[in-house]
Amino acid sequence: MKKTSTRLADGRELFYYDLRDDTVRQAVDRRPLDPIATTSEIRHDPLLGDSVAIASHRQGRTYHPPADECPLCPSGDGRHTEVPEDDYDVVVFENRFPSLAGDSGRCEVVCFTPDHDASFADLDDEQAGLVLEAWTDRTAELAELPQVKQVFCFENRGAEIGVTLGHPHGQIYAYPFVTPRTALVRRSVAAHRRATGRNLFDDTVARELADGERVVLETAHWVAFVPYAAHWPYEVHLYPRRRVPDLRFLDEAARTEFPQAYLELLRRFDRVFGPGEPPTPYIAAWHQAPFGEPDRDDFALHLELFTVRRTPGKLKFLAGSESGMNVFINDVPPEAAARRLREAATA
């Protein structure tokens, strides 16, 4: 992998990640952009104990542009985009409309491919492996920022999820606090350690493997299963067999095998509702340990993949119980979801 760093016309950082070591990146962003001015602010909710990002400048962000005006495609034919080069392998840059900025954290965009009409599932193993290297490199660099407590790499795919740019891309949020979901998990992990002397993540994976009914796929270094108490209609958790706190600590064997396991899961998601159905909308989310915490080695890096589609033509909406009280109601039994995902294996 070769990494090349540059800056866009408004001062934002951009990083090219290339498969070939002899690739040269010299294009300059010639757009007449003003320096970025954000109004991102973190406010603490004293009742719930969590934090909310207030970011009014995002009201003006790009919204469903036509394909020939996509800001994530390479520049070319006299049109200048967020990517100055006329081609790229993987590129990462600071978000022009960040939810978090400055002392409030940082937001980055990850473009997986220059092909506007592709998806992550269309990538080959080499390209998917390069995306993993980009996620890892950005996690390592963002971990060094003094204001950053946790790094979240994720992809939203599909208009049903709320995606406003159709180009295959993901994002990276660097939070200045430990996220509420992670805080809840850490409390459960600590309680399990006190009660049993064992690690909750290890016991959870071992239980799923022993039961087998919810396991979707296994490889030498990865295991994927539908969790026992899945919140979403089709939800899969992907774990490396060797517990590590974040992406930086994956060994070479797990890195090499990751593309095969992850691409197979994504392709099954696209087949799970049967032939003729549109691509499955999903969120794919890497859960990594917060930085500087004494219990971080008890945390297990894993990826959670889920869809809001519950059956062909029908979505799972967050209604009163979910949105109002955070009590999920799942219409699809986890065992049935796992069985269907096994049936959707590549022929």
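The structure under discussion appears in the preceding block.
(A) Fine view of the sheet that holds strand E10 (residues 222-225). Ordered in space as E1-E2-E5-E6-E8-E7-E12-E13-E11-E10-E9, the eleven strands form an open sheet in which the pairing is antiparallel. Here the strands that pair on one side only, and so sit at the sheet edges, are strand E1 (2-7) and strand E9 (215-218). Along the sheet, successive strands turn relative to each other by an average axial angle of 20 degrees, direction set aside. Bridge analysis of strand E7 (residues 150-157) against strand E12 (residues 282-287) gives four bridges, and the strand direction is antiparallel. Paired with Asn156 across the two strands is Ile283, which belongs to E12.

(B) A look at the side chain of Asp18. By the secondary structure assignment, Asp18 is in strand E2 (residues 13-18). Using a relative accessible area of 1% as the deciding quantity, one classes Asp18 as buried. In this structure, Asp18 is in contact with Met1, Lys2, Thr23, Arg25, Asp89 and Leu130, ignoring residues within four places of it in sequence.

(C) Representation of the environment of His237. Looking at the element boundaries, His237 is found in strand E11 (residues 234-240). Using a relative accessible area of 8% as the deciding quantity, one classes His237 as buried. Along the primary structure His237 and Val223 are separated by 14 residues, whereas in three dimensions their C-alpha atoms are 8.2 Å apart. Excluding its chain neighbours within four sequence positions, the residues that come into contact with His237 are Val223, Ala224, Phe225, Pro227, Leu303 and Glu304. At 2.8 Å, the side chain of His237 and the side chain of Glu235 are in polar contact.

The rules behind these values
- Residues numbered from 1 in each chain as written.
- Predicted model: local features only at pLDDT ≥ 70, side-chain atom pairs only at ≥ 80, totals over all residues.
- Heavy atoms only, no water.
- Pairing = 2+ DSSP bridges.
- Helix = DSSP H or I, 4+ residues; strand = E, 2+ residues; numbered from the N terminus.
- Axes fitted to C-alpha atoms, helices over the stretch in contact; angles between N-to-C directions.
- Buried < 20%, exposed > 50% of the residue type's maximum accessible area, 1.4 Å probe, protein only.
- Contact = heavy atoms within 4.5 Å.
- Polar contact = N/O pair within 3.5 Å; in protein donor to acceptor, adjacent residues only side chain to side chain.

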